[in-house]
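Listed here are the chains, written in short residue letters.
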Amino acid sequence: MSISKAWSWETADREGWLEPCEESRFYAEKWRREDRKSILDLGCGLGRHSLLFAEMGFIVTAADLSDYAVNFLNEAQKKQGLDFRTVKCDMLNLPFADCAFDCVWAYHTLSHTDSEGFRQIISEIRRVLRPDGAVYFDVCSKETWMFTQSGYPHIDENTVVVKGGEEDGIPHFFTDLDELEHILEGFDIIKIRHIDDCYSKGRRQNSRHYFVYAKARKEGFEPDYSHVIGRLVKGEIDRPLGSAHSKCADLVYPINYGYIKSITGGDGQWQDAYLLGVSGPVSEFEARVIGVYHRYNDCEDKWICAPEGMSFSDDEILESIDFQEKYFTGKLYT
């Protein structure tokens, strides 16, 4: 069974973790020139790179396993006048749709698992990248002292578990070039560098990483909702028109929003649904599905429903649901 464990950001030494690394600006400029728009910052930590990407105009989704890190980043983006999505999730099972992102950025994070977990994470990254989508990440090298000389316990042939400090109990996966090439067989490898950060914080060290730039080699994906659109469904409204969001009092629902109890959505809960064409709050409904909003940076679609005989243009639908969908990237199918 693969292992995941969050960093203890509450007690970590934050020196160096609030300033974007040198490579981030280079790749942000490169991806902007290539007209790439959406970035998943995987293992975002305190958000140093997410904030930079958002400032540069990218559609950012920041993901981390640490509650503290996600909450810290939420406050940081408010202070800077930014507004992008943050998600607490495990790299082993990303809660995003297939072909969701133009880019994935994962800096000093993918090694925090075991051998099985690393392969699973790479597979997940490929799944959520669009065809020719770009990924930049680093992974620990087996030539590093931590793997060969630290005395930390090995839990498999590639993985040690750190003892003490903010990384106490966190596994670290190490690799070599041959194994890395094999793991990346679903990608076109553009560049791999093997770098030793041999001096840092006033002392010599042996901290070697592979830095990888690659593009997903895959076919495109287009969801089929022909079996959904046009269906007559019954649902319940738990967030009626005029009510406020339970976690954000500033978000007031301009339309009725609820769920279809007989159908399970992508998040494992009942299928969410917007109800258009009803001018007042209701508690339940019977309506036709007139469209589906397919979220990319999420794991669930939203069904758009309207009373029998009512129709809306795509622009009218998008305007009606923008109050919430502006925080996501996606596509409307009608």
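Heads up: the structure comes first, above all this text.
Residues numbered from 1 in each chain as written. Predicted model: local features only at pLDDT ≥ 70, side-chain atom pairs only at ≥ 80, totals over all residues. Heavy atoms only, no water.

## Some words on the overall build of the protein chain
Stage number 1. A count of helices and strands for the protein chain gives seven helices and 18 strands.
Stage number 2. Taking 334 residues into account, the globule formula puts the C-alpha radius of gyration at 20 Å, and the protein chain, at 22 Å, falls close to it.
Stage number 3. If one aligns the C-alpha atoms of the protein chain with their principal axes, the spans along those axes are about 70 × 40 × 40 Å.
Stage number 4. Relative to its 334 residues, the protein chain shows a buried fraction of 51%.
Stage number 5. In the protein chain, of all internal contacts separated by at least 6 residues, the share reaching a separation of at least 24 is 67%.
Stage number 6. Taken as a whole, the protein chain presents about 15,900 Å² of accessible surface, with 47% of it coming from carbon and sulfur.
Stage number 7. Here the protein chain holds 38 positive side-chain charges and 57 negative ones, and the gap between their average locations is 2 Å. (Helix = DSSP H or I, 4+ residues; strand = E, 2+ residues; numbered from the N terminus. Rg over C-alpha atoms; globule rule 2.2 N^0.38 Å. Buried < 20%, exposed > 50% of the residue type's maximum accessible area, 1.4 Å probe, protein only. Contact = heavy atoms within 4.5 Å. Areas by Shrake-Rupley, 256 points an atom, 1.4 Å probe, with all protein chains shown as cover. Lys, Arg positive; Asp, Glu negative; His and termini not counted. Charge placed at Lys NZ, Arg CZ, Asp CG, Glu CD.)

## Observations concerning helix α7 (residues 314-325)
Stage number 1. The terminal C-alpha atoms of α7 lie 14 Å apart, and with twelve residues this falls more than 12% below the ideal 16 Å at 1.5 Å per residue.
Stage number 2. Within the span of α7, buried status applies to Ile 317, Ile 321, Phe 323, Gln 324 and Glu 325.
Stage number 3. Elements that come into contact with the buried residues of α7 comprise β14 (256-264), β15 (270-275), β16 (284-295), β17 (302-306) and β18 (330-333). (Expected span 1.5 Å × (residues − 1).)

## Section: the pattern of salt bridges
Stage number 1. Overall, the coordinates contain 24 salt bridges when judged by the stated rule.
Stage number 2. Residues Arg 36 and Asp 132 are paired through a salt bridge, measuring 3.9 Å at the closest nitrogen-oxygen approach. Taken as a pair, Arg 36 in the loop between α1 (22-33) and β1 (38-42) and Asp 132 in strand β5 (residues 129-141) lie far apart in primary sequence, 96 residues in all.
Stage number 3. Residue classification places Asp 132 among the partly exposed residues on the basis of a relative accessible area of 40%. (Salt bridge = Lys/Arg side-chain N within 4 Å of Asp/Glu carboxyl O.)

## Points about the nonpolar core
Stage number 1. Within the largest apolar cluster, 33 residues are counted, with the highest numbers of intra-cluster contacts made by Leu 42, Leu 110 and Phe 137.
Stage number 2. Elements supplying a minimum of two residues to this core: β1, β4 (101-106), α4 (115-128), β5, α6 (177-183) and β12 (208-216).
Stage number 3. Considering every element that reaches this core, the biggest residue donor is α4, with five residues.
Stage number 4. If we ignore the near neighbours within four places in the chain, the residues touching Leu 42 are Ala 63, Met 91, Leu 94, Val 104, Trp 105, Ala 106, Tyr 107, Thr 109, Leu 110 and Ile 125.
Stage number 5. Ala 28, Ala 76, Leu 82 and Ala 134 belong to the second-largest nonpolar core, a separate cluster that totals 25 residues. (Core = buried A, V, L, I, M, F, W, Y, C linked by side-chain atoms within 4.5 Å.)

## A short note on the pairing of strand β13 (residues 232-239)
Stage number 1. Where β13 and β16 come together, five bridges link them in antiparallel fashion. Counterpart to Gly 235 in the pairing with β16 is Phe 285.
Stage number 2. Judged from the three bridges that link them, β13 and β14 form a sheet pairing that is antiparallel. Bridge assignment links Ile 237 to a residue of β14, and that residue is Gly 258. (Pairing = 2+ DSSP bridges.)

## A look at unusual backbone geometry
Stage number 1. Phi at His 108 is positive, roughly 55 degrees, even though this residue is not glycine.
Stage number 2. Structurally, His 108 is set in the loop between β4 and α4.
Stage number 3. Even without glycine at this site, Asp 132 takes up a positive phi of about 70 degrees.

## Considering the environment of Asn 297
Stage number 1. Of note, Asn 297 is situated in the loop between β16 and β17.
Stage number 2. Since its relative accessible area comes to 1%, Asn 297 is described here as buried.
Stage number 3. Taking the C-alpha atoms as reference, Asn 297 lies 28 Å from Ile 192; in sequence the two are 105 residues apart.
Stage number 4. Not counting residues within four places of it along the chain, the set of residues in contact with Asn 297 comprises Thr 61, Arg 85, Phe 96, Ala 100, Phe 101, Tyr 327, Phe 328 and Thr 329.
Stage number 5. Side-chain polar atoms of Asn 297 contact the backbone nitrogen of Thr 329, separated by 2.8 Å. (Polar contact = N/O pair within 3.5 Å; in protein donor to acceptor, adjacent residues only side chain to side chain.)

## Looking at the packing of α1 against helix α2 (residues 48-55)
Stage number 1. Contact geometry of α1 with α2 gives a least axis separation of 11 Å together with a crossing angle of 30 degrees. When the axis of α1 is compared with that of α2, the two are roughly parallel. Once α1 is placed against α2, the crossing between them reads as right-handed. Together, Ser 24, Arg 25 and Ala 28 of α1 and His 49, Leu 52 and Phe 53 of α2 make up the contact between the two elements.
Stage number 2. Looking at the contact of α1 with α2 residue by residue, the classes come out as three nonpolar, two polar and one charged. (Axes fitted to C-alpha atoms, helices over the stretch in contact; angles between N-to-C directions. Parallel < 35°, antiparallel > 145°, perpendicular 65-115°, else oblique. Left-handed = near helix turned anticlockwise from the far one by under 90°. Nonpolar A, V, L, I, M, F, W, Y, C, P; charged D, E, K, R; others polar.)

## Some words on the state of the cysteines
Stage number 1. This structure, assessed with the given rule, holds zero disulfides.
Stage number 2. We note that Cys 140 lacks a disulfide partner, and the nearest cysteine sulfur, in Cys 21, lies 15 Å from it.
Stage number 3. By relative accessible area, Cys 140 is classed as buried at 9%. (Disulfide = S-S within 2.5 Å.)

## Remarks on the side chain of Asp 272
Stage number 1. Within the secondary structure layout, Asp 272 lies in strand β15.
Stage number 2. Among all residues touching Asp 272, those that are not within four sequence positions of it are Tyr 257, Gly 258, Tyr 259, Glu 300, Asp 301, Lys 302 and Trp 303.

## Considerations on the packing of aromatic side chains
Stage number 1. Scanning the entire structure with this criterion turns up 26 aromatic pairs.
Stage number 2. A network of ring pairs unites the aromatic residues Phe 26, Tyr 27, Trp 31, Phe 53, Phe 58, Trp 105, Tyr 107, Tyr 136, Phe 211 and Tyr 213 as a single cluster.
Stage number 3. The ring of Tyr 296 is capped by Arg 130, whose NZ or CZ atom sits 4.7 Å from the centre of that ring.
Stage number 4. Seen from the ring of Phe 328, Arg 295 lies directly overhead, with NZ or CZ sitting 3.5 Å from the centre. (Phe/Tyr/Trp six-rings, centres within 6.5 Å; stacked < 30°, edge-to-face > 60°. Lys NZ or Arg CZ within 6 Å of the ring centre and 35° of its normal.)

As far as function goes, none of this settles anything; it's purely spatial.
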